[in-house]
Amino acid sequence: MLTGEPVIGILLFIILAPFVGTIVLGLDRIITARMQGRVGPPLFQPMYDILKLFEKEKMVIHESQNFWIFGYLVFIIITGALFFGGSDILLVIFALTLAEVSLILGAFSSGSPYAHVGAERELIQLMAIEPMIIIAAVGFYEVTNSFNTLDIASYGSPLILVLPGIFIGFVYILTVKLRKSPFDISTSHHAHQELVRGLNTEFAGSTLGMIELAHLYELVFLLGFLFLFFGFAAPIIGIIVIALVYLLEIFVDNATSRVKWSFMLDSCWIVTAVAGVLNLMALYLILR
Amino acid sequence: MESLIFLILFPLIAGGIMLFLPNGRGRDLFVNFAAIVTCLGSLYLLFEYFGKGEVLFAVDGTFVDPLILAAEVAIGLFIIGISLKFKKYLVTVLAALQLAMAAYTEIVFEPAHNIGFDLFIDPFSLIMALIIGIIGSLICVYATGYMKTYHEHHKDVKDRRPLFFFLMFLFLSAMFGIVFSNNIMWLFLFWEITTLCSFLLIGYARDEVSWKNAFWALLLNVIGGVAFSGAILFINAFSAGTDIYLNELLKSSPEIALVAAAFIGFAGLTKSAQFPFSSWLVGAMVAPTPVSALLHSSTMVKAGVYVIVRFAPIYESSLIGIAFAFIGALTFLTASAIAISQSNAKKVLAYSTIANLGLVVACAGIGTEEAVWAAILLIIFHAVAKSLLFLSVGSVEHQKHSRDIEDMGGLIAAMPKIALMMLIGMAGMFLAPFGMLISKWASIHAFVNAIPPFGMLLIAIIAYGSGITVFFWTKWMGKIIEVRTERKPVEKEASRPEMSAILTLGGLTVLACLIFPLISSTMIEPYLHAIYHTTSPLLSLSNEIIMLFMIVVVILLPLSLFHFAKGRTLRRQYMGARVTEVEGEHLKFLGSMGVMKEEELSNYYFPNMFGEKELSRAGVWSSILIIVVMFALLSWVFPLGVMM
């Protein structure tokens, strides 16, 4: 996790994140399979999938779409590297936005109806979750008086004690971020007949491989963000809670069906306002 | 001092000459010449006053003052006359009221003009002068090419180009006057000139719609003018007499300064098109594109935020300041949301200007050192990126005969240069690590520490607004790069003057992002230091390095295209495995009934959720409420006994 030396944190993230991400996703797929009464793939299947994708024929509609996807991968890695390097969390969030926008533009550029609808829905998702992420960052600042992830993580007591609302709000939008049902509206893992993988429709071979790889990095970054609510003050509890939260996400994924985008947008914004903004306001009373 | 006076007078004289030059190569050359001289003049100003801090100049008033007075009366009479002619009696009444207040001030108080400094320059007005000089002149160069095509396309509009160019340069002259004036009476005259210029330029086409929108702009700006003359009357009536000078006023007793700041700030709200006054700027879109670009980037609205940012130190931690901050934040949120539902490119740009200026006003209302830093950066980045976008859209409109975003699909293939410039401009407006985002980052930093618990509410507003901004810009970018079939670029994307202005502005946008730490440390921070007397580092070196690193990555990324061009198999879109064919620029697919259908894609606009009418109404009424509360507070801050 975070270390005193930013360079070590950055390097560890760049090298280890794909493996950590693979293990988490692999477990995800196994547990999902068990919930559905299947055996499921081997633990490292997500990694095998990516390696396989890189060996496939390189098919594109035009070359520029790869440029956007490469940009997406690069900026997801920069996002995580900034985060684990202990940098300003607002910069981290903005780098994440840049990465997301790059992915969406990649899908737009293909000029395909499925990708187009997927891109627009992804954009709605982005709009739905952005306020909560910023509010979470500001919540961290209010308590720790610093925007630096390193300072936030090393704060004396677990932040979740004073930021419960923001934690709940963040877990809510995490469902969107992890593309789990009921909010998997932009790529729709399970609804092939409707969107044919939406955003990802026109990406194949190594391009798709880059997207999957970026997902692994993003996953580790998001879990790291959750860890900030516990920090070095309660690392073990933090990891346990994160594992439970992830289990809950898998359960919700399997137990719910997709909803319309408008419900997603409304509910994310309302949860942000109720849980997040109220928590921020309450901090004034708690901290004074 | 000579260079200041030169910058005010030269565009005025050059514009006056243009009034008599017939259309043709000669006039275009003269416009280019005047633009270059103006631009070089502002650069010379940078060279002359760089690092000098605040410099004040006394001007011999005996000759100038009667002229100023005469000009003010002339403008007042002109507005009264034209509003009578067009039966816009409300404008008449307000203009008459304003004239009466000015006359009352002159006759009763006889403001003593010879005891202070009428002109000044400091790093902030230097930055503003550079924006006016460089961007304003580029827009004028662009206009030579644009207006020619404009009249080829709009045969019904009478060609008034001599007047057009005169007004454009008069506008620049007045803007220089605004940012160099230390004497508030002078500032007010230049303020009125910009109102007049914008009125005449919006009404350029002289048809019914243009007149309607022009008068609407005039009406709202005259309301601001009344507030401004109210401030002047107040200052003359209740202060020591030297307070008509900005530098003295900023130092004067809190009551006097705060009342003046509230009234002049109110005038600033009208000019910078904040809610409830935003509608005039949207209506101003009927004007030819160079006018829109000028209004949005280097003149008019910038004059509004300029005065508000000037008074920012007075707003700091006062309830009046909080009111301004909320009007700004509310404007940012509402205008951004409305932009989602618009498909008219110029309207999207208009609403995004209103939104961004809202952020500036919010920062100025907070008034802390950090917030003002963010405000000035926002002004700079907005000026460059927005002018780039307006000019690009203008040229696209001439090619495509439409200003609708939905008609810009695949622009990157049809007009690659301009499309690329638009992408740069849009990235500059909202994407990390580009300019506007740095400012947004700074404003969040600033709000967190500001006036608890109001700061948190502002943060929440910014957080939502930020998500919304990402939505409407990205979908537009997506439309531009959405290429369905191979298509050849058009032969000539725009005329030479247009292209040169657009490319220069594109370069300036990138440059501003690269050198903003330098601008900050050499100009903005010295200005802030002079006011706040602190030296807290506003941008840590490590963050600066990260931002620069990200910019370099973004600039280098396109090189990856060379790699991705190798060894790829090109395929057509996967349309649920349907049969597809290409016909010209159209992509067709086999529909369910066995007929070939053309593929059409369009973006989401959510008119039900982000409808212009409903949101505008909400924005207008809530901002009116805030303003009413603000002036109620003001009468409480300033006891009635003193006022009487």
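Cut-offs used in this document
Residues numbered from 1 in each chain as written. Chains lettered and ligands numbered in written order. Predicted model: local features only at pLDDT ≥ 70, side-chain atom pairs only at ≥ 80, totals over all residues. Heavy atoms only, no water. Helix = DSSP H or I, 4+ residues; strand = E, 2+ residues; numbered from the N terminus. Buried < 20%, exposed > 50% of the residue type's maximum accessible area, 1.4 Å probe, protein only. Contact = heavy atoms within 4.5 Å. Lys, Arg positive; Asp, Glu negative; His and termini not counted. Charge placed at Lys NZ, Arg CZ, Asp CG, Glu CD. Pairing = 2+ DSSP bridges. Axes fitted to C-alpha atoms, helices over the stretch in contact; angles between N-to-C directions. pLDDT = per-residue confidence, 0-100. Phe/Tyr/Trp six-rings, centres within 6.5 Å; stacked < 30°, edge-to-face > 60°. Parallel < 35°, antiparallel > 145°, perpendicular 65-115°, else oblique. Left-handed = near helix turned anticlockwise from the far one by under 90°. Nonpolar A, V, L, I, M, F, W, Y, C, P; charged D, E, K, R; others polar.

Colleague: Hey, could you go over the overall build of chain B for me, with residue numbers and the actual values?
Modeller: Helix and strand content of chain B: 26 helices and six strands. Scored against the burial criterion, the 644 residues of chain B give a buried share of 64%. A separation of at least 24 residues holds for 82% of the contacts in chain B among residues at least 6 apart in sequence. Positive and negative side-chain charges of chain B, numbering 40 and 42 respectively, have mean locations separated by a distance of 12 Å.

Colleague: Can you explain the sheet that holds strand β6 (residues 596–598) of chain B? Please cite residues and give values.
Modeller: Residues and elements named next belong to chain B. Spatially, β4-β5-β6 is the arrangement adopted by the three strands of the open sheet, whose pairing is antiparallel. The outermost strands of the open sheet, each flanked by one partner alone, are β4 (580–583) and β6. When the angles between neighbouring strand axes are averaged without regard to direction, this sheet yields 35°.

Colleague: I'd like a description of the confidence of the model for chain A, backed by residues and values.
Modeller: Low-confidence regions, as indicated by low pLDDT, have predicted coordinates that should not be scrutinised in detail. For chain A, per-residue confidence averages 90 on the pLDDT scale, and 95% of positions sit at 70 or higher. Taking the mean pLDDT of every element in chain A, the minimum, 55, falls on helix α8 (residues 192–195) of chain A and the maximum, 95, on helix α7 (residues 164–177) of chain A.

Colleague: Lay out the packing of aromatic side chains with the relevant residues and their values.
Modeller: Summed over the entire model, instances satisfying the criterion amount to 51 aromatic pairs over all chains. Look at Phe381(B) and Phe516(B): their rings are 6.2 Å apart centre to centre, the planes differ by 65°, and that puts the pair in the edge-to-face class. One end of the pair, Phe381(B), is in helix α17 (residues 369–400); the other, Phe516(B), is in helix α22 (residues 496–532), with 135 residues separating them in the sequence. Judged by its relative accessible area of 5%, Phe381(B) falls in the buried class. Judged by relative accessible area, which is 0%, Phe516(B) ranks as buried. With a centroid separation of 5.9 Å and 10° between ring planes, the pair formed by Trp473(B) and Trp476(B) is classed as stacked. Taken together, the residues span about one helical turn, with Trp473(B) and Trp476(B) both in helix α21 (residues 454–481) at a distance of three residues. Taken together through their ring pairs, the aromatic side chains of Phe13(A), Phe83(A), Phe84(A), Phe140(A), Phe167(A), Phe170(A), Tyr217(A), Phe221(A), Phe225(A), Phe229(A) and Phe230(A) make up a single cluster.

Colleague: Describe the packing of helix α5 (residues 113–144) of chain A against α21(B), naming the residues involved and giving the relevant values.
Modeller: Between α5(A) and α21(B), the shortest axis-to-axis distance is 9 Å and the interhelical angle comes to 155°. Considering the angle they form, α5(A) stands roughly antiparallel to α21(B). Along this stretch, α5(A) crosses α21(B), giving a crossing that reads as right-handed. Contacts between α5(A) and α21(B) involve Glu120(A), Leu123(A), Ile124(A), Leu126(A), Met127(A), Glu130(A), Pro131(A), Ile134(A), Ile135(A), Val138(A) and Glu142(A) from the former and Met456(B), Ile459(B), Ala460(B), Ala463(B), Tyr464(B), Ser466(B), Gly467(B), Ile468(B), Val470(B), Phe471(B), Thr474(B) and Lys475(B) from the latter. Its residues assigned to classes, the contact of α5(A) with α21(B) shows 16 nonpolar, three polar and four charged.

Colleague: Which residues make up the environment of Ile627(B), and what are the values?
Modeller: All names here are of chain B. With respect to the helices, strands and loops of the structure, Ile627 is situated in helix α25 (residues 612–637). Separated by 437 residues in sequence, Ile627 and Phe190 place their C-alpha atoms 25 Å apart. Apart from the residues within four sequence positions on either side, Ile627 is in contact with Phe266, Leu269, Pro276, Phe277 and Ile327.

Colleague: Could you give me a rundown of the pairing of β4(B), with the residues and numbers involved?
Modeller: Sheet analysis places β4(B) next to strand β5 (residues 586–590) of chain B, joined by four bridges and oriented antiparallel. Within β5(B), the position partnered with Glu583(B) by the bridge is His586(B).

Colleague: Residues and numbers for unusual backbone geometry, please.
Modeller: Going from Ser181(A) to Pro182(A), the amide bond is cis rather than trans, its omega being 10°. Residue placement: Pro182(A) occurs in the loop between α7 and α8. In this structure, the amide linkage connecting Phe275(B) to the following residue, Pro276(B), adopts the cis form with an omega of 0°. With respect to the helices and strands, the residue Pro276(B) is situated in the loop between α10 (254–271) and α11 (279–283). One non-glycine residue, Lys87(B), lies in positive phi territory at about 60°. Considering the arrangement of structural elements, one finds Lys87(B) in the loop between α3 (61–85) and α4 (89–109). Residue classification places Lys87(B) among the exposed residues on the basis of a relative accessible area of 60%. Positive phi outside glycine occurs at His533(B), with the angle close to 55°. Relative to the assigned elements, His533(B) resides in the loop between α22 and α23 (541–556). Residue His533(B) is classed as exposed on the basis of its relative accessible area of 61%.

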